[in-house]
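# What the coordinates show
Here is how the chains run, residue by residue.
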Number of protein chains: 2
Amino acid sequence: MDIQIIGYIAAICTSLSFLPQALKVIKTKDTEALSLSMYSIFTFGVIMWLVYALLIWDMPMIFANTVTLTLALIIFLLKVKHTLQSASSQGN
Amino acid sequence: MDIQIIGYIAAICTSLSFLPQALKVIKTKDTEALSLSMYSIFTFGVIMWLVYALLIWDMPMIFANTVTLTLALIIFLLKVKHTLQSASSQGN
């Protein structure tokens, strides 16, 4: 088996894995157990991967990281929204 | 700035981002909002990344994916445990 195929399977899995999490968060509106630190650091990391992929102009990496960034951003922004709403309701 | 440094920053961020999530899950024992599908696909994907890294013998990739796999496995196994406990208590 071509070694590169393993790399492509890996990239597809780690990128698309965030799809069921994003769908779950959108559906349930529950982000309580999700770590804000994780999604802050992860989203920043994926932006860095995308910058790196653009600089070395690697199309599979650009594509995979664009997909991951989109999904991670959805989860991150909903977590930020719920954290702010929770802080606001505790302040009242 | 050396382009490779951006790649290293990206790898450190996306690997270590799972540390606060693992610590949160260990501390709160709450995995309700976490997607079992996400951690199943993601953990499998990281194993594939590790296999790929071992085959091309890339030390930074081997190191980064070993760290990510350890953290992702902790979260995945605790999610499986809680899912089974929840299914078991609903069955009673």
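Residues numbered from 1 in each chain as written. Chains lettered and ligands numbered in written order. Predicted model: local features only at pLDDT ≥ 70, side-chain atom pairs only at ≥ 80, totals over all residues. Heavy atoms only, no water.

### What about the interface of chain B and chain A?
Cut-off, in case you're wondering: In what follows, a contact means two residues having at least one pair of non-hydrogen atoms within 4.5 Å. Buried area: the sum, over both parts, of the accessible surface (1.4 Å probe) that disappears when the two are put together. For this analysis, a salt bridge means a side-chain nitrogen from Lys or Arg found within 4 Å of a carboxyl oxygen belonging to Asp or Glu. In protein, a polar contact requires one atom able to donate a hydrogen and another able to accept it; more generally it is a pair of N or O atoms within 3.5 Å, and residues adjacent in sequence count only if both atoms are side-chain atoms. A run of H or I in DSSP becomes a helix once it reaches four residues, and a run of E becomes a strand once it reaches two; helices and strands are each numbered from the N terminus.
At the junction of the two partners, chain B supplies 35 residues and chain A supplies 35 residues. Between chain B and chain A the total buried area reaches about 3,000 Å² when both faces are included, carbon and sulfur atoms providing 78% of it. Across the contact surface, chain B and chain A share zero salt bridges. Our count for the chain B to chain A interface comes out at ten residue pairs in polar contact (both at pLDDT 80 or more). For the side of chain B that touches chain A, the secondary structure elements donating two or more residues are α1 (3–16), α2 (18–28) and α3 (36–56) of chain B.

### Looking at unusual backbone geometry
The backbone of tryptophan 57 of chain A shows a phi angle near 45 degrees, a positive value even though the residue is not glycine. Here tryptophan 57 of chain A lies in the loop between α3 (36–55) and α4 (59–91).

### Some words on the relation of the copies chain B and chain A
Applying a rotation about an axis and a shift along it to one chain copy brings it onto the other copy. This is how it is decided: C-alpha atoms of residues with pLDDT of at least 70 in both copies form the basis for the least-squares superposition of the copies.
At an RMSD of 0.0 Å, chain B and chain A line up after a rotation of 180 degrees and a shift of 0.0 Å along the axis. Here the symmetry operator amounts to a two-fold rotation axis. Within chain B, alanine 33 of chain B has its C-alpha nearest the rotation axis, a separation of 2.7 Å.

### Some points on the layout of surface pockets
Spelled out, the test is: The rule is simple: put a 1 Å grid over the protein atoms alone, call a set of points where a 1.4 Å probe fits but cannot get out a cavity, call an open set with protein on both sides within 12 Å along at least five of seven lines a pocket, and count a residue as lining if it has an atom within 4 Å of a point. Grid points are joined across faces, edges and corners, and a volume is the space filled by probe spheres set on the points. Each residue receives one of three labels: charged for Asp, Glu, Lys and Arg, nonpolar for Ala, Val, Leu, Ile, Met, Phe, Trp, Tyr, Cys and Pro, and polar for the others, Gly being one of them.
Volume-wise, the largest pocket comes out at about 1,300 Å³. Taken together, 43 residues make up the lining of the largest pocket; nearest its centre are Trp49 and Met61 of chain A together with Trp49, Met61 and Asn65 of chain B. Within the residue set of the lining of the largest pocket, elements represented by two or more residues are α1 (3–16), α3 and α4 of chain A together with α1, α3 and α4 (59–91) of chain B. Here the residues of the lining of the largest pocket are counted per class, giving 29 nonpolar, twelve polar and two charged.

### Considerations on the packing of α3 of chain A against α1 of chain B
The condition that has to hold: Axes, fitted as lines to C-alpha atoms, cover a helix only where it is in contact. Angles between the N-to-C directions of the axes lie from 0 to 180 degrees. When describing relative orientation, an angle under 35 degrees is termed roughly parallel and one over 145 degrees roughly antiparallel, while 65 to 115 degrees is termed roughly perpendicular and anything else oblique. A crossing counts as left-handed when the near helix is turned anticlockwise from the far one by less than a right angle, and as right-handed when that turn is clockwise.
Axis separation between α3 of chain A and α1 of chain B bottoms out at 8 Å; the angle between their running directions is 150 degrees. Here α3 of chain A is positioned roughly antiparallel relative to α1 of chain B, judged by the angle of their axes. Of the two possible hands of crossing, α3 of chain A and α1 of chain B adopt the one that is left-handed. Counted together, Ile41, Phe42, Phe44, Gly45, Val46, Met48, Trp49, Val51, Tyr52 and Leu55 of chain A of α3 of chain A and Ile3, Gln4, Ile6, Gly7, Ile9, Ala10, Ala11, Cys13 and Thr14 of chain B of α1 of chain B form the full contact between these two elements. Looking at the contact of α3 of chain A with α1 of chain B residue by residue, the class counts come to 15 nonpolar, four polar and no charged.

### Description of the nonpolar core
Counted only if it meets this: Residues belong to one nonpolar core when they are buried, are Ala, Val, Leu, Ile, Met, Phe, Trp, Tyr or Cys, and are joined through side-chain atoms within 4.5 Å. When accessible area is computed with a 1.4 Å probe and restricted to protein chains, residues below 20% of their type maximum are described as buried, those above 50% as exposed, and intermediate ones as partly exposed.
In terms of nonpolar packing, the biggest core is built from 35 residues, with Phe18 and Tyr39 of chain A together with Phe18 and Tyr39 of chain B touching the most fellow members. When contributions to this core are tallied by element, the ones reaching two or more residues are α2 (18–28), α3 and α4 of chain A together with α2, α3 and α4 of chain B. When residues of this core are assigned to their parent elements, the largest contribution, seven residues, is made by α4 of chain B. Phenylalanine 18 of chain A has contacts with Met38, Tyr39, Phe42, Thr68, Leu71 and Ile75 of chain A together with Phe18, Met38 and Phe42 of chain B, leaving out every residue within four places of it along the chain.

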